Amino acid sequence: MKIVTILGARPQFIKAGTVSREILRQCELGADIKEVIIHTGQHYDANMSDVFFEEMQIPKPDYFLGVGAKTHGSMTGQMIEKIEDVLLNEKPDWVLVYGDTNSTLAGAIAASKLHIKIAHVEAGLRSFNIRMPEEVNRILTDRISSILFCPTQAAVDNLKNEGINHWQNNAKVVLSGDVMQDGAFFYKNLAQQPQGFLIDDDYVLCTIHRAENTDDPKRLFAIFEALNQIAKNQQVVLPLHPRTKKIIQELQINTKNLTIINPVGYLNMVWLIHHSSLVMTDSGGLQKEAYFFAKPCITMRDETEWVELVEAGANKLVGADKAKILAGYQTMQMSLRNDSYDPNLYGGGEAAMKIIAELLR
Ligand code: UD1
Ligand code: UDP
């Protein structure tokens with residue numbers, strides 16, 4: 001079986017790394033699987049890309065397309081063209097795509113035009129906010145995929161509600177659980193404290209990069225005003241995404257109370273999550289990782305795809321409203337205790353195994 005894996009953005013390295021490890025394990029057990037990896041180049045800084053391949057021992061990409069830092073249409077279009085060339089050359093049985101980035105959609109479109117079967121990992125997630133580029137990417141990718149690997153029951157239900165049984169592509173829905181949980185469990189024991197700055201025993205871990213926040217000055221100012229206020233009481237450690245860094249500089253947003261650091265590799269990130277008291281973020285992946293490490297999470301978005309976290313009381317949606325963020329900070333600090341944590345909410349850490357077993361079937 002030949003699989004072409006498409007990746008390009010930070011969260012995809014982390015997800016695909018876990019599945020690649022499972023492919024290698026299956027090969028050692030005698031399975032005949034060849035994985036060819038295409039890196040689109042969507043993320044390209046060393047601390048947004050190379051560090052993950054090195055630290056997580058992800059197989060080196062076979063193809064690097066170098067398509068990054070462009071508008072949505074230009075990026076997606078150029079990726080489709082270059083991915084198509086590779087697929088014509090490699091003729092895989094499957095194209096494996098992850099999540100909801102422009103790299104995901106480009107890979108899916110290129111494969112579908114060549115009638116190559118698509119397997120989508122993290123299928124079925126919905127924010128029901130069609131203005132999000134990620135929502136468009138995931139809906140379209142799901143629609144043309146042959147196997148839809150859902151991380152949660154809510155994702156399965158979304159696909160049923162959209163009428164997947166009536167789609168023309170005989171799509172198969174598999175509740176696989178979440179590959180990020182597999183990764184978090186695996187790398188927990190390899191975590192390393194980041195160096196080069198002072199860190200308190202008690203701190204908030206924060207990340208901000210979503211377009212709906214960075215591209216709206218009103219939202220971004222409100223978020224940073226709230227963070228600055230929180231940082232007067234408790235250290236706020238913020239590994240800063242390059243997109244946010246650029247906009248903060250342009251808008252001259254005050255970050256003086258915050259401990260801003262460069263993006264970190266996954267081993268440092270796992271350490272930071274594990275030792276934090278609270279996570280504040282607009283990231284998709286980090287909301288779940290906070291839960292895997294039994295940390296309460298405040299999500300600075302108006303909606304989330306990970307609705308089960310909100311239902312479990314582990315995650316609070318506060319939008320980008322200063323008063324709501326500060327109120328959320330007060331109420332969430334002590335909210336999630338180890339005894340209310342359910343390790344099976346995301347499948348218990350066997351997602352990669354289920355995904356490869358299903359593809360082999
Ligand atoms: C992308 C995904 C988003 C995901 C995020 C993960 C889409 C539509 N969005 O958003 O869903 O949550 O990745 O981090 O695919 N940049 C650099 N160096 C890099 C990468 C980016 O400087 O290595 C800067 C560039 O100015 C670039 C900007 O960040 O134009 C935005 O990058 P892009 O990949 O377009 O979107 P993200 O915000 O990273
Ligand atoms: N992450 C990381 N270093 C950082 C910030 C995030 O390794 O400096 C990890 C984080 O732990 C999670 C993934 O990157 O596993 C999430 O990626 P991101 O927030 O960029 O994207 P999203 O999940 O929102 O699509």
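In case you missed it, the structure is sitting above this.
In this text the structure is predicted, and so the values were computed from the model without any measurement. (Residues numbered from 1 in each chain as written. Chains lettered and ligands numbered in written order. Predicted model: local features only at pLDDT ≥ 70, side-chain atom pairs only at ≥ 80, totals over all residues. Heavy atoms only, no water.)

(A) Looking closely at the site of ligand 1. Within the structure, ligand 1 sits among 20 residues, and Q42, H43, E134, H209 and R243 are positioned closest to it. A distance of 2.7 Å separates an oxygen atom of ligand 1 from a polar side-chain atom of H43. E134 has a polar side-chain atom sitting 2.7 Å from an oxygen atom of ligand 1. Here ligand 1, which alone exposes 750 Å², has 89% of that area covered by the protein. Taken together, the elements giving at least two residues each to the shell around ligand 1 come down to α3 (72–90), α5 (133–143) and α10 (242–251). When the residues that make up the shell around ligand 1 are grouped by side-chain class, the tally is seven nonpolar, seven polar and six charged. (Near = heavy atom within 4 Å. Polar contact = N/O pair within 3.5 Å; in protein donor to acceptor, adjacent residues only side chain to side chain. Areas by Shrake-Rupley, 256 points an atom, 1.4 Å probe, with all protein chains shown as cover. Helix = DSSP H or I, 4+ residues; strand = E, 2+ residues; numbered from the N terminus. Nonpolar A, V, L, I, M, F, W, Y, C, P; charged D, E, K, R; others polar.)

(B) Layout of the packing of helix α7 (residues 179–188) against helix α12 (residues 285–292). Put simply, α7 and α12 touch, their axes get as near as 10 Å, and they point 50° apart. As far as their axial angle goes, α12 and α7 are oblique. In this structure, the crossing between α7 and α12 has a hand that is right-handed. Across the interface between the two elements, M180, Q181 and A184 from α7 touch G285, K288, E289 and F292 from α12. Within the contact of α7 with α12, the residues separate by chemical class into three nonpolar, two polar and two charged. (Axes fitted to C-alpha atoms, helices over the stretch in contact; angles between N-to-C directions. Parallel < 35°, antiparallel > 145°, perpendicular 65-115°, else oblique. Left-handed = near helix turned anticlockwise from the far one by under 90°. Contact = heavy atoms within 4.5 Å.)

(C) Quick look at the sheet that holds strand β7 (residues 172–175). Strand order in the open sheet formed by seven strands is β3-β2-β1-β4-β5-β6-β7, and the pairing between neighbours is parallel. Of all strands in the sheet, those with a lone pairing partner are β3 (63–64) and β7, marking the two edges. Both strand β1 (residues 2–7) and strand β4 (residues 94–98) contribute to a ladder of three bridges, which runs parallel. Note that in β4 the partner of I3 across the bridge is W94. Against the sheet, α3 touches β1, β2 (34–39), β3 and β4, its axis set at about 165° to β1. (Pairing = 2+ DSSP bridges.)

(D) Structural context of helix α6 (residues 153–161). Every buried residue of α6 is accounted for by A155, V156, N158 and L159. All buried residues of α6 project into a common sector of 160° when viewed along the axis, lining one side. For α6, the exposed residues set more than 90 degrees away from the buried face come down to K160 and N161. Tucked inside the fold, the buried residues of α6 contact α5, β6 (147–150) and β7. After α6 finishes, the residue G163 shows a positive phi value of roughly 85°. (Buried < 20%, exposed > 50% of the residue type's maximum accessible area, 1.4 Å probe, protein only. Arc of directions from axis to C-beta.)

(E) Representation of the site of ligand 2. Around ligand 2 there are 17 residues in total, and V264, S283, G284, G285 and E289 lie nearest to it. For ligand 2, an oxygen atom lies 2.9 Å from a polar atom in the side chain of R10. When ligand 2 is considered free in solution it has 530 Å² of accessible area, and contact with the protein chains removes 96% of it. For the shell around ligand 2, the secondary structure elements donating two or more residues are α1 (10–28), α11 (266–275) and α12. Considering each element in turn, the shell around ligand 2 owes the most residues, three residues, to α1. For the shell around ligand 2, the per-class residue count stands at nine nonpolar, five polar and three charged.

(F) Representation of the packing of aromatic side chains within the structure. Taken as a whole and assessed by the stated rule, the structure comprises seven aromatic pairs. Geometrically, the ring pair formed by Y291 and Y346 is edge-to-face, given 6.4 Å between the ring centres and 70° between the ring planes. With Y291 in helix α12 and Y346 in the loop between α14 (322–332) and α15 (351–360), the pair connects residues that are 55 residues apart, well separated along the chain. This pair shows no difference in class: Y291 is buried, exactly as Y346 is. Put simply, the rings of Y291, F292, W306 and Y346 pair up and form one aromatic cluster. (Phe/Tyr/Trp six-rings, centres within 6.5 Å; stacked < 30°, edge-to-face > 60°.)

(G) Main features of α11. Most of α11 is tucked away, with eight of its 10 residues classed as buried. Within α11, burial applies to Y266, L267, N268, M269, V270, W271, L272 and I273.

(H) Quick peek at the side chain of T259. On the secondary structure map, T259 appears in strand β10 (residues 259–261). Apart from the residues within four sequence positions on either side, T259 is in contact with F197, Q235, V236, V237 and L238.

(I) Highlighting the sheet that holds strand β12 (residues 297–299). The parallel open sheet is built from six strands, whose spatial order is β10-β9-β8-β11-β12-β13. At either margin of the open sheet sits one strand with a lone partner, and together these are β10 and β13 (315–317). Along the sheet, successive strands turn relative to each other by an average axial angle of 20°, direction set aside. Across three bridges, the pairing between strand β8 (residues 203–207) and strand β9 (residues 235–239) is parallel. Bridge pairing links Y203 to Q235 in β9. In the packing of α12 onto the sheet, the strands contacted are β8, β11 (278–281), β12 and β13, and the crossing angle to β11 comes to about 170°.

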